[in-house]
Amino acid sequence: MSSLNKILIPFDFSESSVNALEYVVNFVGTESSMEILALYASTMPLSEPDEEGLKKDFAKIVDAWGARLKVAPVFSIKVGKVIPTILAAQAETGADMIMMGTMGDKITDEAITNTSKLVIEANCPVISIPYGTEVKTPERIALVLGGEKIEDKHTLEMLLVLSRTFNAKVHVLTIYKESIYDENAIKESNENLLEYYLEHFYADHIFKKSDDVEEGILTYIKEKEIDLLTILPRNHAEMSTPSEGRLTMLLTLHSEVPVLALD
């Protein structure tokens, strides 16, 4: 069974990373013993005074919010390319989840791809936190499913952990273009898994027709006032043909609420 004891958050002092850190601090709350591991990935070695300066600046940011966490966030600095350094740190620390801020499509392509690429490459759950999102705990979660059978039922475990932690309801959404898929056996199999793994937190399963899948999802988020969008990227699929992750990247760029990619 999945657990949530350590959260790794890449932090570079940008507006999006400060926003994401505030979200994570609120997400953890004052009663939890979850660890927050903030990582500054530097492309070149820093002097000792520079490192000490960054650590002090980080502490000032956290102190300014006045949050009394049970476990103080830990700030570390590692040298290397951003994505490989983050992934290596996750493996090294055993972090259960990565939470990373993003400017979405509000800035240049070069600046927005780090979060999107991380979501695609990571082998652990990742929450991308768009700049400007409301700092609140999730109460209404949307899980997007296609017409395919859920390959690994264990991917739903982290979703259950979050549902239990925040007493959040999970609303499942399937977007179709022409007609609702005919694979009734697959539909029934998925429904059984959802009911079993999500327990009483599973609220409903809505089917919506839309020629544009992304637009259909984003419209649903606004209509239902969803706090957290959850997706199951198929780029690591083993039993079927892996996708290139295009929809995953688009949602991390355009969603105005945090996006949880389960892996």
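For the structure, check the block above.
Below is a summary of the structure that appears in this document. Predicted, not measured: the structure shown is a model, and the values here were computed from it. (Residues numbered from 1 in each chain as written. Predicted model: local features only at pLDDT ≥ 70, side-chain atom pairs only at ≥ 80, totals over all residues. Heavy atoms only, no water.)

1. What to know about the overall build of the protein chain
Tallying secondary structure elements over the protein chain gives 8 helices and 10 strands in all. Out of the 263 residues in the protein chain, the part that is buried amounts to 48%. Relative to all contacts within the protein chain whose residues are 6 or more apart in sequence, the contacts with residues 24 or more apart total 83%. (Helix = DSSP H or I, 4+ residues; strand = E, 2+ residues; numbered from the N terminus. Buried < 20%, exposed > 50% of the residue type's maximum accessible area, 1.4 Å probe, protein only. Contact = heavy atoms within 4.5 Å.)

2. What about the packing of helix 7 (residues 213-223) against helix 8 (residues 246-254)?
Running from N to C, helix 7 and helix 8 point in directions that differ by 40°, and their axes come no closer than 10 Å. In terms of their interaxial angle, helix 7 and helix 8 are classed as oblique. Relative to helix 8, helix 7 is oriented so that their crossing is right-handed. Touching V213, E214, I217 and L218 of helix 7 are L247, L250, L251 and H254, all from helix 8. Of the residues in the contact of helix 7 with helix 8, the class split is 6 nonpolar, 1 polar and 1 charged. (Axes fitted to C-alpha atoms, helices over the stretch in contact; angles between N-to-C directions. Parallel < 35°, antiparallel > 145°, perpendicular 65-115°, else oblique. Left-handed = near helix turned anticlockwise from the far one by under 90°. Nonpolar A, V, L, I, M, F, W, Y, C, P; charged D, E, K, R; others polar.)

3. Description of helix 7
Those residues of helix 7 not exposed but buried are E214, G216, I217, Y220 and I221. Looking straight down helix 7, one finds that the buried residues subtend no more than 165° of arc, so they occupy a single side. Residues of helix 7 that are exposed and point more than 90 degrees away from the buried face comprise K222 and E223. Lining the buried residues of helix 7 we find strand 6 (140-144), strand 7 (169-176), strand 8 (202-209), strand 9 (228-231) and helix 8. The first or second residue beyond helix 7 is E225, which carries a positive phi of 50°. (Arc of directions from axis to C-beta.)

4. Regarding the sheet that holds strand 9
The strand order 3-2-1-4-5-10-9-6-7-8 describes an open sheet built from 10 strands, whose pairing is mixed. Of all the strands in the sheet, just strand 3 (74-79) and strand 8 have a single pairing partner and so form its edges. Sheet twist, expressed as the average angle between the axes of neighbouring strands with direction ignored, equals 25°. Of the pairings in the sheet, the one linking strand 6 to strand 7 comprises 5 bridges and is parallel in character. The residue of strand 7 that forms the bridge with R140 is K169. This element, helix 5 (residues 157-166), spans strand 4 (97-102), strand 6, strand 7, strand 9 and strand 10 (259-261) of the sheet and lies at about 165° to strand 6. (Pairing = 2+ DSSP bridges.)

5. Some thoughts on unusual backbone geometry
The general pattern is negative phi for most residues beyond glycine and trans for most peptide bonds. Phi angles above zero are rare outside glycine, and F13 is one such case at about 70°. The residue F13 is located in the loop between strand 1 (6-10) and helix 1 (15-28) in this model. By relative accessible area, which is 25% here, F13 ends up partly exposed. Even without being glycine, E199 reaches a positive phi, approximately 50°. Within the secondary structure, E199 is located in the loop between helix 6 (184-197) and strand 8.

6. Things to note about the nonpolar core
Ranked by internal contacts, the top residues of the largest apolar core, which has 47 residues, are L4, L21, F27 and M99. In terms of residue count, helix 1 provides more of this core than any other element does, 7 residues in total. Setting aside chain neighbours within four positions, we find M99 in contact with I7, L8, I9, P10, Y23, V24, F27, I127 and I129. I217, I221, L229 and A261 belong to the second largest nonpolar core, which has 28 residues in total. (Core = buried A, V, L, I, M, F, W, Y, C linked by side-chain atoms within 4.5 Å.)

7. A closer look at the pairing of strand 4
On a regular strand, one side chain projects to one face of the sheet and the next to the other, so that they alternate. Within strand 4, 6 of the 6 residues are buried, which leaves it mostly tucked inside the rest of the structure. Both faces of strand 4 are covered, namely the face carrying M97, M99 and G101 and the face carrying I98, M100 and T102. Looking at chain direction, strand 1 and strand 4 are connected through 2 bridges and run parallel. By the bridge assignment, L8 is partnered in strand 4 with I98. Both strand 4 and strand 5 (residues 126-130) contribute to a ladder of 5 bridges, which runs parallel. Looking at strand 5, one finds that T102 is bridged to P130.

8. Observations regarding helix 5
Most of helix 5 sits out of view: 8 of its 10 residues are buried. All of the buried residues along helix 5 are E157, M158, L159, L160, V161, L162, S163 and F166. After helix 5 finishes, the residue N167 shows a positive phi value of roughly 50°.

It is worth stressing that arrangement in space is one thing and function is another; only the former is reported here.
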